[in-house]
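# Breakdown of the fold
So the chains spell out like this:
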Number of protein chains: 2
Amino acid sequence: MSSKKNNNISSRSMGRVTLSDVAEKAGVSPITASRALKNPQQVSEKLRTKIYDAVNELGYIPNHAARSLASSETKIISVIFPSLSNAVFPDLLDGIHDTLTPAGYRILLANTHYESDQEEILVRTLLEQSPDGIIVTGIDQNERTQKLLLGAKTPVVQIMELTDSPIDMNVGFSHFQASYDLVRHLQNAGYQKIGFIGARMDPRSQRRMEGYKHAMQDNNISNDNYVLTSQSHTSFKLGAKLFNQLFTQHPELEAICFSNDDLAAGAIFECNRRGISVPKDISIAGFNDLPFAEELTPPLTTVSIPLYEMGKKAAEYLLHKIVNRSHPTPRQHDVSYKIIERKSTYSHLT
Amino acid sequence: MSSKKNNNISSRSMGRVTLSDVAEKAGVSPITASRALKNPQQVSEKLRTKIYDAVNELGYIPNHAARSLASSETKIISVIFPSLSNAVFPDLLDGIHDTLTPAGYRILLANTHYESDQEEILVRTLLEQSPDGIIVTGIDQNERTQKLLLGAKTPVVQIMELTDSPIDMNVGFSHFQASYDLVRHLQNAGYQKIGFIGARMDPRSQRRMEGYKHAMQDNNISNDNYVLTSQSHTSFKLGAKLFNQLFTQHPELEAICFSNDDLAAGAIFECNRRGISVPKDISIAGFNDLPFAEELTPPLTTVSIPLYEMGKKAAEYLLHKIVNRSHPTPRQHDVSYKIIERKSTYSHLT
DNA sequence: CTGCCATTTGACAGCGCTATCATTTATGGT
DNA sequence: ACCATAAATGATAGCGCTGTCAAATGGCAG
């Protein structure tokens, strides 16, 4: 009765319930059972019911590896982030997840810890899964990584930043422009001596710093001594430390832009502890508009990024290319940003 | 020259470079090439070099699906979390990731958004990948989910909480006990009228509330009116709102325990805004010891959880079972917790 | 009742890799 | 030199599923 190999379960098969078992139980051929699951409308209702019953009775669970091998579709999207502890990435991931999961895709996640060698290794191992799409962070993949990605002929979205020559597709915003705009905004509000504090100095932090520098130059008040950076990992404590360092050295500073909200919040906490009044004694601005930004005392002026939307858009771009076999036009999407002015800066106006 | 099918590339194969191509180029049989990649020490150095050269020259990337199908090993671990925006999970995930990635495993991530029907669906789809292991959050999987998990004969770790009857393995700590201890600690410090504020009220929040209630009962000063919960999603704003509600109604309260740091921080922010002195007018305690807890004004008394370690341990348990085909003894690991006393509570002592 | 089309079902082969077992070649002790 | 043992290589046969194409079935006009 049962298929020839069922009698002596081989060590390889592990006794798993297969589609053939289901088909046999339902009295149809395996291929019909397959269709009943993948394209139900192609199978008469009578057989379909029988097959579904058999599936439930046997507790059949499809084998994804076999399906992928046969159809060269994996329904897997690989996502490579530089970090998870940085709160922007969980938000981004949520957007990606909520778009892909309903479409039947699963997410394979990897974390480079901001090391670009890691990125190459991870891209390589993730490509072994032949994912149907890949999302990578930033636009600074090294050449070999780019070649790998290109060679895989898999849809790719570079996320977070904007580039004129995407590997494939691109969803993000200009960190340079955002930072530039923020500084110009402060300048228009009357600030002149503005400092910059950054940590980790990954490519995006770098570009924010460049935005700051250009804005200062364009206003003819650039001063390299007003810039302080650290290679250390971002934290509240580091924000406090760097703030103390820069502000002690340059008490003439009127405002400081931080490369992210965590550092800025650390500085505000420190000011509260030391009795330095923000924004009267010093104004402070952050970047990202994390949830705590508006809760600080004083609330933090910062740049808001539509992270969840960015994740959604990136996922949609992938799905578009998977379905239509060609990317949406344009292949680049600018999600933009918004300068959020709060009490940590606007004293000079009044 | 080339293998029989190479001439007319079939529509299915998509012209991918296969192991046979590598073998042919290196002048060996496919199986030897396979070994050179998986168990290099089994192949003579001479052939190994040839094979590696061929791999590089052709840009060969192994097909994971084929490997899984043939070996019934997927090198995939599925992780199911209820949320990513809750900051505890990224930390946990980092610990998992950093343990599994060096061991050659990849992470398939899914997010239930705290919906238990979602959990069942996700478990089902993730099982289709035949993961080599699964990590699920909490111990309250519904019966069908448990059966699925059990039937899959895959190593499973339930994480975050402790249970006497794990599906397979269990790494976590007792939320009940942690909360109980925190309240007893406050009582020992002289507090009597202690309130509790909770949100989202997932199983872990529930158990923390139970811990609070039992500690109050054991001290014979239990009062149901001192408990306020909401089904809404946790946020700073909600913490502030619930705090206002409870404290207005019960100004006699001396301390309030919050089900997590976010709510507690929201309350502290609100107190700062309203000029309520913490801990003089009201003491506040949180849960989780997120990075911002010690930076608040005043710093927050809370319960510290070794999240990264918990993730690591869970991953190690999986690896142990995968390698040894039996779970570590004991199959349960208590990562414990630590009560962190900070300025938001200890005024009564002095 | 025949013939034509659309719909439903099935047979076959193969996706790319590895477990298993058989075979060949090198190693070393007497 | 011999044979016993170990190490290196290969042939075969699937893993579980689906693409492709062929066969069977049903419906209906003439």
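Every value quoted in this text rests on a predicted model; they were computed, and no experiment measured them.

## Regarding the environment of B:N288
Residue and element names in this part refer to chain B. Along the chain, N288 turns up in the loop between β9 (283-285) and β10 (302-304). The sequence separation of N288 and I340 amounts to 52 residues, and the corresponding C-alpha distance is 9.8 Å. When residues no more than four places from it in sequence are discounted, the contact partners of N288 are V88, R208, N260, D261, T302, V303, S304 and I305.

## Quick look at the protein's contact with DNA strand D
The environment of DNA strand D is formed by 29 residues, the closest being A:L19, A:S34, A:Y60, B:T32 and B:R35. Of everything in DNA strand D that lies within 4 Å of the protein, sugar and phosphate atoms constitute 69%. At 3.1 Å, a backbone N or O of B:S29 approaches a phosphate oxygen of DNA strand D. Between DNA strand D and B:A70 there is a distance of 3.3 Å, counted from a base oxygen to a backbone nitrogen or oxygen. Sorting the residues of the surface near DNA strand D by element identifies α2 (30-38) and α4 (64-71) of chain A together with α2 (30-38) and α4 (64-71) of chain B as the ones contributing at least two each. A per-element tally of the surface near DNA strand D places α4(A) first, with four residues. When the residues that make up the surface near DNA strand D are grouped by side-chain class, the tally is twelve nonpolar, eleven polar and six charged.

## A closer look at the domain arrangement of chain A
Residue and element names in this part refer to chain A. Domains assigned within chain A are domain 1 (19-62), domain 2 (75-173 + 307-336) and domain 3 (175-304). Each partner contributes to the roughly 990 Å² buried at the junction of domain 2 and domain 3, and carbon and sulfur atoms together form 57% of this total. Together, Y114, E161 and F173 form the three largest contributors to the area buried by domain 2 at its contact with domain 3, with a combined 47%. Scanning the region where domain 2 abuts domain 3 turns up three salt bridges. Its salt-bridge partner being D140, residue R207 comes within 3.0 Å of it at the nearest N-O pair.

## Side note on unusual backbone geometry
Residue A:P330 is reached from A:T329 by a cis peptide bond, and omega for that bond is -5 degrees. The omega torsion of the bond from B:V278 to B:P279 falls at 10 degrees, within 30 degrees of zero and hence cis. Structurally, B:P279 is set in the loop between α11 (261-274) and β9. With a phi close to 55 degrees, B:K153 is a non-glycine residue in the positive phi region. Mapping B:K153 onto the fold places it in the loop between α7 (143-151) and β4 (156-160). Owing to a relative accessible area of 72%, B:K153 belongs among the exposed residues under this scheme.

## Description of the packing of helix α10 (residues 236-249) of chain A against helix α11 (residues 261-274) of chain A
All names here are of chain A. The contact between α10 and α11 brings their axes to 7 Å, and the two run at 65 degrees. The two elements α10 and α11 meet at a crossing, and its hand is right-handed. Seen from α10, the contacting residues are F236, L238, G239, A240, F243 and N244; seen from α11, they are D262, L263, A265, G266, A267, F269, E270, C271, R273 and R274. Residue classes in the contact of α10 with α11 are distributed as nine nonpolar, three polar and four charged.

## Here we look at the sheet that holds strand β1 (residues 76-81) of chain B
Spatially, the twelve strands line up as an open sheet ordered β11(A)-β5(A)-β4(A)-β3(A)-β1(A)-β2(A)-β2(B)-β1(B)-β3(B)-β4(B)-β5(B)-β11(B), and their pairing is mixed. The sheet is open, and its two borders are formed by β11 (332-334) of chain A together with β11 (332-334) of chain B, each paired with just one other strand. Taken pair by pair, the neighbouring strands of this sheet meet at an average axis angle of 20 degrees, ignoring direction. Across four bridges, the pairing between strand β3 (residues 133-137) of chain B and β4(B) is parallel. By the bridge assignment for β4(B), B:T137 is matched with B:I159.

## What to know about the sheet that holds strand β6 (residues 194-199) of chain A
Residue and element names in this part refer to chain A. Spatial ordering of the open sheet is given by β7-β6-β8-β9, a layout of four strands whose pairing is parallel. Lying at the two open borders of the sheet, with one neighbouring strand each, are β7 (227-230) and β9 (283-285). When the angles between neighbouring strand axes are averaged without regard to direction, this sheet yields 15 degrees. Contacts from helix α9 (residues 203-218) reach β6 and β7 within the one sheet, and its direction differs from that of β6 by about 170 degrees.

## Points about the nonpolar core
The biggest cluster of nonpolar side chains holds 156 residues, and the ones touching the most others in it are A:F243, A:I284, A:M310, B:F243, B:I284 and B:M310. Not counting the four nearest positions on each side in its chain, B:F243 is found in contact with B:I197, B:T248, B:I256, B:F258, B:A267, B:E270, B:C271, B:R274, B:I276, B:I282 and B:I284. Residues A:L126, A:I134, B:A110 and B:I167 belong to the second largest nonpolar core, which totals 30 residues.

Rules behind the numbers
Residues numbered from 1 in each chain as written. Chains lettered and ligands numbered in written order. Predicted model: local features only at pLDDT ≥ 70, side-chain atom pairs only at ≥ 80, totals over all residues. Heavy atoms only, no water. Helix = DSSP H or I, 4+ residues; strand = E, 2+ residues; numbered from the N terminus. Contact = heavy atoms within 4.5 Å. Near = heavy atom within 4 Å. Polar contact = N/O pair within 3.5 Å; in protein donor to acceptor, adjacent residues only side chain to side chain. Nonpolar A, V, L, I, M, F, W, Y, C, P; charged D, E, K, R; others polar. Domains from an automatic or database assignment. Buried area = accessible area lost by both parts, 1.4 Å probe. Salt bridge = Lys/Arg side-chain N within 4 Å of Asp/Glu carboxyl O. Buried < 20%, exposed > 50% of the residue type's maximum accessible area, 1.4 Å probe, protein only. Axes fitted to C-alpha atoms, helices over the stretch in contact; angles between N-to-C directions. Left-handed = near helix turned anticlockwise from the far one by under 90°. Pairing = 2+ DSSP bridges. Core = buried A, V, L, I, M, F, W, Y, C linked by side-chain atoms within 4.5 Å.

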